[in-house]
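Given next are the chains, with one letter for each unit.
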Amino acid sequence: MTLLQWQDNFSIGIEEVDHEHRELIELINALHDSLANDRSAVRVEAVLGEVLADISAHFALEEKVMRARSYDALEEHKADHERLLDDLRDLMDEQAAGAALDDHAFGQRLSEWFAGHFRTHDARFHRHLVS
Amino acid sequence: MGSIKKALRAVLLRVETLFEAVFGARLNPITQLGSLGWFLFWIVTVSGIYVYIFFDTGVTQAWESLEQLARQQPYAGGIMRSLHRYASDALVVVVLVHSLREFAMDRMRGNRWFPWVTGIFLLWFMYACGITGYWLVWDQLAQYVAVATTEWLDSIGIFAEPIARNFLDSERLSGRFFTLVIYMHIALPLVMLLAMWIHIQRHAHARVNPPRALAVGTLVALIALSLAWPATSQAPADLDRAPFTVGLDWFYLAVYPLLERVPGGTLWLLLVGGSVLLALLPWLPPLRKAPPARVDLANCNGCSRCFADCPFGAITMVRRTDGLKFEQEASVDADLCMSCGICVGACPTATPFRRVGHLSAGIELPDRSVSGLRDEVGAASARIAGDARVIVFGCDHDADCAALADAETAVVRLPCVGMLPPPFIDLVVMRHQAEGVLLSGCAGHDCFERLGDQWTEQRISDQRDPNLRARVPRDRVAVAWNNPTRHGALRETLAQFRTHLRGLAAGGPAAQAGKNPAPWRARLRGLPAPARHAGQAVAYAALAGAIGLLATRPAFTYLAEDQALLKLSFSHAGQPLKPCRRYTHEELTNTPFSERSATSCERGRWPVYVELDLDGRPLYRGQHEPAGLWNDGPSTVYARFEVPAGKHRLDGRLREDGKASGFNFESSRTVTLQPGENFVIDFRAAEGGFVFGLSGRTDATEDPR
C-alpha cells in the first residue's frame, strides 16, 4: 500500500526542494512498506528516526532557500516545520513507551500533515516565488 | 619552550579567573584583548585625525603648533592629544598580552598560523607607527628618537649616505626628511589597518568590537588619565645640544636604551631573528593534527548549516558534484579545518535516533563518528546508576570534566562541546538515559575553538538551528563554562545540578517544557556587587596609572651632565684610482664619431682614510670604502663620541689617494665644548678640509702647527 502520493500541485518550483519532497515521499513509503515484515517497536522507532533525520535535513534546506529569497512568511512556515518534527518525536516516544503502531492512524497523520503543509505553507511560498 | 608555555598559561589562566570574578565572563577583558585592540586603534585614529588638523608639519613649527593646541583648547585638543598617546600605549599593553596569551594557550596551530604570523607583522607596524609618532612632536625626545632611529637604521648599511646626517646639527637639519616621517606616520597606520583586516580573515565572526560596557570603561579610564595627567611635549628640539635626559615612553621605546650598549646591527639581528623564530612556532612540535572533517554526500543536501557555524571558515558551499538534483554541497578545506567538530553539531542528519543501516551524518570527523558517539552515549548511560544520573558532555579545554566521573556521573568528551548535535540531548533526557545533561566547556566567551560555547548556548535556547526541541525540559539541561583553573566551580555546578534533579524527581517545581528555553545554571558564590565594581575601578585605574607612569618614566639618561657630544660626519669622494687621460689622435680616429669623447676615465676611487685625535690621543681611525656598484661614489663617515666638556685640542687628518703614508688634508683646532653641546666635525675639500663646528662659531681657534 502506498502511504503518500506525490501530486504535481505540490511542486513549489525550486528543483532541489521539489526533488527532495519526492524523495521524502518515496522514502517514507519504502520505510513504511518495510514495516510489513517487522513491526516490532524497535523497528518502528528506527524507521521513524530515519524519517525524522531526513525531514530535519529537508526543512534545513527549505528554510535556507526561503531565507535566500527573503520569504516574508518564513517564521510561520518554520513554526509549522517545528510542529511536524514535534509530532514525529511524540510518535517516536509513544513507540518507545511501547504503544502499538496503528498503521491507519499513522498514515492518516502523515498524509494529513504533508498534504496540509503542501497546500497551505508551501503553496504560499510558491506564490511568493512567482510573484 | 614547553615549560615556559605551561608556566605562562598557568599565570594567564589565574589572571583570567580573577578578572572573570570581577568583570563577569561576558566583560572579561582578558578574553576581549583582540576586540579591545581594535577599539583602541579607532581611538588613536580619531584623536590622531583631530590633532593633525591643528598640527603644523614644518620642522620649525611642529613643536609650537602642539603647544598652542594644548594652550588654546585644553579640553578638546589637549585631551585628544593625550588620548592619542595613551590609547597608543594601551594598544601596546593589549596587543602584547593578546600575543602572549595566544602563545600560551597554543592557539596558533593548524589554520591559526595565519593570524599568528600576520600578528607578528602587526607588532612591527604598531612599533613603527609609535616611533614615527614620537618623532613628529619635535621636542627633545623626538630629537633623541630621530637621531637614535636614523643611526640604528644606518647600521643596516643599505643607505648610500647615512640618514642620521639629516639630523647632524641645526645647519644641516633637513625639513624634507621630517616631512617624510609625517607621511609615514599616516601611511603606516593605513597599511596596519589593512594588515589588521587580513589578520582576522580566517576567523568567522571575528570579534572586532568589545562589549559596550568594556569599551566605555576603557575610554573613560583613558579620558580620566588625559585630564589628570595631560600628555605634554618636552623642551623643544635643539640639534646643537644633545639632551641629557629624556622622558622615554617605555611601551614603544624600551629597546632604545639598548642601542647605547649593543651595536645596532646586533639589535636588528635579535629582533628580526626573534620575529622569524616566533613566526615558526606554529610548526614546531608538539604538533597535533587530527584528520579534517569529511562530507558524506549521501547525507548532504546542501543546507549550509555547517558552513554557517564553522568558526574557521573551513567550509564552503560549492556546486553539486554528484549529479543529484541539489544545487550545492558542503566542501571542507583540509588546510583550514581545525577538526573541532562544530560542523557535526550543526548537521541536521546527525541524530542518534537514526537506526536503520549505518548512521552517518552529512559531515563527520573521521576520528569521532556520530555513530561512535551514539554508542558511547549508550555505554555511558549503562555505566551509571542512581536517581540523579548525569551525563556530562565536555571538551579537552574545560575544567577537567573527566575527573567528574563517578557511579552517578558519566563523562563523554568531545573535541569541543559545540560538536554535540542537540538531538543527543533530546535522546538522553527524553529516553531517560540520564536524569540530566551537563554541557561543560571552556571559559565563557573564550572557547578554544572560538564559537563552541556561543553556538551551544544558542542551539539549546532556541536561537539557532539546529535547535534543541522545545519539548526537552530545559531544567534537565545544564551548562557550565569554566577554564581549567575552575575545577571547583565545575564540581560545585554538578553537585547543585544533582540536588536540583533530585528536587524535580520529588515533584519540585518543574519548568514547563517549551516555556523557558534557557538552560539551567548553577548559582555559584561570587563577589558581591560592590566588590566587583570596586575591583573594576581598581583594574581601570591600574591600567591608566601604569600607562601614565611608563609613558615618560623612568627618564633615560642619554648624556651625563658634564659631557658633550662630538660627531665626525662627512661625505667625501676619494681620488680616482687612475687619473683620466686624453685620447690619442689615433684612438679618436678609430672610434665611431658618435662614441668619441675627449678623455678616458676608469671608474673606481681610493678609500678615504680618516684619523681624529683628541688632545693628542687617538679618538678615531677608520678607512671608508667608496659607495656605488663601481666603487666610484663618495666615502661617508659617521661616528659619535661622548667627551668631557671643556677645552680640547682636535687634530683631523685625511688620506684620499690610497698611499701607504702621509695625508692629503690635515687641520687642528682648539675648542671649548659646553656641557651637552653637539659639536660636529665636517669635511669640505673645497673649503680646505675639516670644518669644526657651526660656521658662526668664534671660540674655535686655529692652532699654529
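As a reminder, the structure under discussion sits directly above these lines.
Just so you know, these numbers come straight off a predicted model, no measurement behind them.

A.B. asks: Go over the overall build of chain B with me, naming the residues and quoting the values.
C.D. replies: For chain B, the count of helices and strands is 18 helices and 21 strands. Its C-alpha atoms give chain B a radius of gyration of 35 Å, more than 25% over the compact-globule value 27 Å for 705 residues. Overall, the C-alpha framework of chain B stretches about 115 × 70 × 45 Å when taken along its three principal axes. Intrachain contacts of chain B at a sequence separation of at least 6 include 74% that bridge at least 24 residues. If you sum the accessible surface of chain B, you get close to 31,700 Å²; carbon and sulfur atoms cover 60% of it. Averaged over its 71 positive side-chain charges, chain B has a centre that lies 8 Å from the centre of its 67 negative ones.

A.B. asks: Requested: an account of the packing of helix 1 (residues 2–23) of chain B against helix 17 (residues 529–550) of chain B, with residues and values cited.
C.D. replies: All names here are of chain B. Between helix 1 and helix 17, the least distance of the axes is 8 Å, while the angle of their chain directions is 125°. By the angle between their directions, the pair helix 1 and helix 17 is classed as oblique. Counted together, Phe 19, Ala 21, Val 22 and Phe 23 of helix 1 and Arg 532, Gly 535, Gln 536, Ala 539 and Tyr 540 of helix 17 form the full contact between these two elements. A breakdown of the residues in the contact of helix 1 with helix 17 according to their chemical character gives six nonpolar, two polar and one charged.

A.B. asks: Help me get a handle on the nonpolar core, residues and values and all.
C.D. replies: Where a protein is soluble and globular, its nonpolar side chains tend to be buried together. Residue and element names in this part refer to chain B. In this structure, Trp 135, Trp 138, Tyr 144, Leu 222 and Leu 253 are the most contacted members of the largest nonpolar core, which totals 80 residues. Excluding its chain neighbours within four sequence positions, the residues that come into contact with Leu 253 are Ile 131, Tyr 134, Leu 141, Val 145 and Leu 248. The next biggest cluster of nonpolar side chains, apart from the first, holds 46 residues, and it includes Ala 330, Leu 336, Val 472 and Val 477.

A.B. asks: Tell me about empty space enclosed by the protein, and please be specific about residues and values.
C.D. replies: Per the stated rule, a full pass over the model turns up ten cavities of 30 Å³ or more. Estimated volume of the largest cavity: approximately 280 Å³. In terms of lining residues, the largest cavity is bounded by 23 residues, among which A:Ser56, A:Leu85, B:Pro466, B:Asn467 and B:Arg469 are the most central. Elements supplying a minimum of two residues to the lining of the largest cavity: helix 2 (41–68) and helix 3 (74–96) of chain A together with helix 14 (422–430) of chain B. Among the elements that take part in the lining of the largest cavity, helix 2 of chain A stands out by supplying five residues, more than any other. When grouped by side-chain class, the residues that make up the lining of the largest cavity number twelve nonpolar, three polar and eight charged. Taken as a whole, the second largest cavity holds about 110 Å³ of empty space. B:Cys300, B:Cys303, B:Cys306, B:Cys347 and B:Pro348 are, among the 17 residues lining the second largest cavity, the residues nearest its centre. Residues of the lining of the second largest cavity, tallied by class, amount to ten nonpolar, six polar and one charged.

A.B. asks: Which residues make up the sheet that holds strand 6 (residues 390–394) of chain B, and what values go with them?
C.D. replies: All names here are of chain B. Taken together, the four strands give an open sheet; going across it, the order is 7-6-8-9, and neighbouring strands pair in parallel fashion. Strands at the two margins of the open sheet, each flanked by one partner only, are strand 7 (409–413) and strand 9 (477–481). With direction set aside, neighbouring strand axes in the sheet form an average angle of 20°. When strand 6 meets strand 7, the two strands line up parallel, connected through five bridges. Within strand 7, the position partnered with Ile 391 by the bridge is Ala 410. Across the face of the sheet, helix 13 (residues 370–383) comes into contact with strand 6 and strand 7 while running at roughly 165° to strand 7. Across the sheet, helix 15 (residues 452–460) is in contact with strand 8 (436–441) and strand 9; its angle to strand 9 comes to roughly 160°.

A.B. asks: Hey, could you go over the interface of chain A and chain B for me, with residue numbers and the actual values?
C.D. replies: On the side of chain B, 24 residues touch chain A, which itself brings 29 residues to the contact. Buried area between chain A and chain B, summed over both chains or domains, comes out near 2,400 Å², and the portion from carbon and sulfur atoms is 46%. Considering only the surface of chain A that becomes buried against chain B, A:Glu16, A:Lys64 and A:Arg89 emerge as the three largest contributors, covering 22% of it. One can count ten salt bridges joining chain A with chain B. Here B:Arg471 and A:Asp93 are joined by a salt bridge, their closest N and O atoms 2.9 Å apart.

A.B. asks: Quick one: what's the story with the side chain of A:Lys78, residue by residue and with numbers?
C.D. replies: Inspection of the secondary structure assignment puts A:Lys78 in helix 3. Here B:Asp465 takes part through its side chain, which lies 3.0 Å from a polar atom of the side chain of A:Lys78. Those residues in contact with A:Lys78, other than ones at most four positions away along the chain, are A:Glu63, A:Arg67, B:Asp465 and B:Asn467.

Rules used in this analysis
- Residues numbered from 1 in each chain as written.
- Chains lettered and ligands numbered in written order.
- Predicted model: local features only at pLDDT ≥ 70, side-chain atom pairs only at ≥ 80, totals over all residues.
- Heavy atoms only, no water.
- Helix = DSSP H or I, 4+ residues; strand = E, 2+ residues; numbered from the N terminus.
- Rg over C-alpha atoms; globule rule 2.2 N^0.38 Å.
- Contact = heavy atoms within 4.5 Å.
- Areas by Shrake-Rupley, 256 points an atom, 1.4 Å probe, with all protein chains shown as cover.
- Lys, Arg positive; Asp, Glu negative; His and termini not counted.
- Charge placed at Lys NZ, Arg CZ, Asp CG, Glu CD.
- Axes fitted to C-alpha atoms, helices over the stretch in contact; angles between N-to-C directions.
- Parallel < 35°, antiparallel > 145°, perpendicular 65-115°, else oblique.
- Nonpolar A, V, L, I, M, F, W, Y, C, P; charged D, E, K, R; others polar.
- Core = buried A, V, L, I, M, F, W, Y, C linked by side-chain atoms within 4.5 Å.
- Buried < 20%, exposed > 50% of the residue type's maximum accessible area, 1.4 Å probe, protein only.
- 1 Å grid on protein atoms, 1.4 Å probe; cavity = no way out; pocket = protein on both sides within 12 Å on 5 of 7 lines; lining within 4 Å.
- Points joined across faces, edges and corners; volume = space filled by probe spheres on them.
- Pairing = 2+ DSSP bridges.
- Buried area = accessible area lost by both parts, 1.4 Å probe.
- Salt bridge = Lys/Arg side-chain N within 4 Å of Asp/Glu carboxyl O.
- Polar contact = N/O pair within 3.5 Å; in protein donor to acceptor, adjacent residues only side chain to side chain.

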